[in-house]
Amino acid sequence: MALKLRLARGGTKKRPFYHIVVADVRSPRDGRFIEKLGTYNPLLAKDAENRVVLNAERVQHWLSHGALPTDRVLRFLDAAGISKRAARNNPNKGVPGEKAKERAEERAAREAAANAPAEEAASAE
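In this report, the structure presented in the accompanying data block is examined. All of these numbers come straight from a predicted model, not from anything done at the bench.

Rules behind the numbers
Residues numbered from 1 in each chain as written. Predicted model: local features only at pLDDT ≥ 70, side-chain atom pairs only at ≥ 80, totals over all residues. Heavy atoms only, no water. Helix = DSSP H or I, 4+ residues; strand = E, 2+ residues; numbered from the N terminus. Buried < 20%, exposed > 50% of the residue type's maximum accessible area, 1.4 Å probe, protein only. Pairing = 2+ DSSP bridges. Contact = heavy atoms within 4.5 Å. Axes fitted to C-alpha atoms, helices over the stretch in contact; angles between N-to-C directions. Patch = residues over 30% accessible without salt bridge, like charges linked within 9 Å, V, L, I, M, F, W, Y side chains within 5 Å. Areas by Shrake-Rupley, 256 points an atom, 1.4 Å probe, with all protein chains shown as cover. Salt bridge = Lys/Arg side-chain N within 4 Å of Asp/Glu carboxyl O. Lys, Arg positive; Asp, Glu negative; His and termini not counted. Charge placed at Lys NZ, Arg CZ, Asp CG, Glu CD.

1. Regarding the overall build of the protein
1) Next: Looking only at helices and strands, the protein has three helices and five strands in total.
2) Next: Along its sequence from the N terminus, the protein presents helices and strands in the succession β-β-β-β-α-β-α-α.
3) Next: With the principal axes as the frame, the protein shows a C-alpha extent of 85 × 30 × 30 Å.
4) Next: Evaluated residue by residue, the protein yields a buried proportion of 23% over its 125 residues.

In structure tokens form, the structure reads like this:
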């Protein structure tokens, strides 16, 4: 049975609250889970002490039994010093797409054409 440490959403509409749970990967996000390991309240300030609450002993137990944390839970575990999260690097993320490059070239061509007659008039005088 493949296990995940993941978030299960609770709370009301526009007021999220998450439980950190161990669940089978086939079970729904807010459905059946094996054990509740902690909570996460994103509405609290980032430096609030009870924004993320974890039972570290049980988390270690499930990690030793092969449970894999999701990316968000791994961030919490890294902040708590339980597990290490490798830094990610995507240098292509900030590169504009093809359409944006085409628009930039068209804009540059228009600006060059608009500035060219003004330069010619200035050089003729």
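2. Describing the sheet that holds strand E4 (residues 52-54)
1) Next: Judged by pairing direction, the sheet is mixed, and its five strands sit side by side in the order E4-E3-E2-E1-E5 without closing on themselves. Two strands lie at the open edges of the sheet, namely E4 and strand E5 (68-69), each paired on one side alone.
2) Next: Here strand E1 (residues 3-12) pairs with E5 via two bridges, running parallel. Directly across from Lys4, in E5, lies its bridge partner Leu68.
3) Next: Contacts between helix H1 (residues 56-64) and the sheet are confined to E1, strand E2 (15-24), strand E3 (35-40), E4 and E5, with E3 contributing the most and set at about 125° to the helix.
4) Next: Against the sheet, helix H2 (residues 71-80) makes contact with E1, E2, E3, E4 and E5, and its axis sits at roughly 100° relative to E1, the strand it touches most.

3. Here's the deal with a positive patch on the surface
1) Next: On the surface, Lys99, Arg103, Arg107 and Arg110 cluster together to form a positively charged patch.
2) Next: Mapped onto the secondary structure, Lys99 falls in helix H3 (residues 98-124).

4. Quick notes on the pairing of E2
1) Next: Counting buried residues in E2 gives seven out of 10 residues, a clear majority hidden from the surface.
2) Next: Pairing geometry for E1 and E2, over 10 bridges, is antiparallel. By the bridge assignment for E2, Ala8 is matched with His19.
3) Next: Here E2 pairs with E3 via five bridges, running antiparallel. Paired with Val21 across the bridge in E3 is Lys36.

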